[in-house]
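# Understanding the architecture of this molecule
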Amino acid sequence: MRRLTFLLLAVIFLSACTPKAYTESMDAGKTALQKGNYTVAIDKFENALEEKETTEAKEYLHVAESMQESLTLYHKGDLDAAINTLNTLLHNKVAKEKINQQATALLKEIQEAKSLANSLNERMIKGKTLLEQNQFDQAIEVFKEVSQTLGYPENASIEKLTDEASQLVIDSTNKKKAADQAKKKQDESKKQENAKEKKKDANETLSHSQAEDLVRKHLGLQADQNVKVVYDHDADNGDYIIHVYEFVVDNSSTGEGHTTTRGWYGVNKNTKAIYDAME
């Protein structure tokens, strides 16, 4: 009977040693922790420790601080540090029992974000390479895909990539416009130059020797052949008439001989067209 009385007194004494404020703070901290309100949880566990310093309160405070640190690192874009913090927490048996489900879910989300960030980085490198090669349409398409990435609005590393991609869409579009305008200007300049050349050619009148060279080239005659290509007269329409003939030696000792006509050819002074004047 005395022993039972002693135990009852001990329980009453221990209960009296645990302030109501401590219990309320611990309960509120655990509720906030389960809801993911880590800053509130930290505040409540610190309040509990002020009331009574216990191992339980210290353990819960450590868990809440680790989760808040991981979340802060995640939002800042320091994904590797966030993953390391969570892995350390999950390797702590006591901490794992208190927060395993939430920590595991957050770890998975951060790992997926890291995988996405790596993929976006690769796409950005590809887009920048295409831009350097002046492949504007392909580069713009890549940057648009990156800029339209959804699902991680509070992650600084991914947000930085999407913002950069959005700006590169604008920059690439402007560069494409500038390149198109430069090409258009170049094409127009070339067109005008060609027109000037044609006009120049049209205004230039062939000389007799130029007409002879054209006929010689037209007939495929070599310079050392014993065939003469000579301007003879102007036709009624102003074309040059070129006489093509060959000198045939009849007497090798005296060098006497005769000429054999191969043809008569007309050459237009302006168009440089060649035609058979005998037809």
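Our subject is the structure that appears above.
Throughout what follows, the structure given in this document is the object of discussion. Remember, it's a predicted structure, so these values are computed and weren't measured experimentally.

## Quick notes on the packing of aromatic side chains
The geometry of an aromatic ring pair is captured by two quantities: the separation of the ring centres and the angle between the planes. Summed over the entire model, instances satisfying the criterion amount to 2 aromatic pairs. When the ring of F45 is compared with that of Y60, the centres are 5.3 Å apart and the planes differ by 35 degrees; the resulting orientation is tilted. Of the two residues, F45 is situated in helix α3 (residues 38–51) and Y60 in helix α4 (residues 55–76); the sequence distance between them amounts to 15 residues. When sorted by exposure, F45 lands in the same class as Y60, which is buried. Residues Y231 and Y240 carry aromatic rings whose centres are separated by 5.5 Å and whose planes lie at 85 degrees to one another, so their mutual orientation is edge-to-face. Above the plane of the ring of Y60 lies K98, whose end atom (NZ or CZ) is 5.0 Å from the centre.

## Some thoughts on the pairing of strand β2 (residues 240–251)
Inspection of the sheet shows strand β1 (residues 227–234) paired to β2 by 7 bridges, in the antiparallel sense. Within the sheet, the bridge partner assigned to D234 lies in β2 and is Y240. As consecutive antiparallel partners, β1 and β2 are separated by 5 residues, and within that stretch G238 has a phi angle of approximately 100 degrees, a positive value.

## Digging into helix α6 (residues 93–132)
Roughly 85 degrees is the biggest bend found in α6, and it falls at I99. Sitting at the amino-terminal end of α6 is N92, which places a side-chain oxygen 3.1 Å from the backbone nitrogen of V94. Positioned one or two residues after α6, N134 has a phi angle of 65 degrees, which is positive.

## Here we look at the side chain of S172
Following the sequence through the fold, S172 ends up in helix α8 (residues 156–203). By relative accessible area, which is 0% here, S172 ends up buried. Among residues more than four places away in sequence, those in contact with S172 are L131, F136, I140 and F143.

## Quick look at the pattern of salt bridges
Counted by the stated rule, this structure contains 12 salt bridges. The salt bridge partner of K98 is E59, with a shortest N-O separation of 3.2 Å. Taken together, the residues K98 in helix α6 and E59 in helix α4 connect sequence positions 39 residues apart. A relative accessible area of 27% places E59 in the partly exposed class.

## Observations concerning the nonpolar core
Counting 46 residues, the largest nonpolar core has L33, M67 and I110 as its most contacted members. Of all the secondary-structure elements, those providing two or more residues to this core are α2 (20–35), α3, α4, α5 (79–90), α6, α7 (136–147) and α8. When residues of this core are assigned to their parent elements, the largest contribution, 12 residues, is made by α6. In this structure L33 touches Y38, A41, Y60, V63, A64, I99 and Q102, once residues within four positions along its chain are discounted. With 11 residues, the next largest nonpolar core counts L206, L221, V227 and V244 among its residues.

Cut-offs used in this document
Residues numbered from 1 in each chain as written. Predicted model: local features only at pLDDT ≥ 70, side-chain atom pairs only at ≥ 80, totals over all residues. Heavy atoms only, no water. Phe/Tyr/Trp six-rings, centres within 6.5 Å; stacked < 30°, edge-to-face > 60°. Helix = DSSP H or I, 4+ residues; strand = E, 2+ residues; numbered from the N terminus. Buried < 20%, exposed > 50% of the residue type's maximum accessible area, 1.4 Å probe, protein only. Lys NZ or Arg CZ within 6 Å of the ring centre and 35° of its normal. Pairing = 2+ DSSP bridges. Bend = angle between axes of the 7 residues up to and from the residue. Polar contact = N/O pair within 3.5 Å; in protein donor to acceptor, adjacent residues only side chain to side chain. Contact = heavy atoms within 4.5 Å. Salt bridge = Lys/Arg side-chain N within 4 Å of Asp/Glu carboxyl O. Core = buried A, V, L, I, M, F, W, Y, C linked by side-chain atoms within 4.5 Å.

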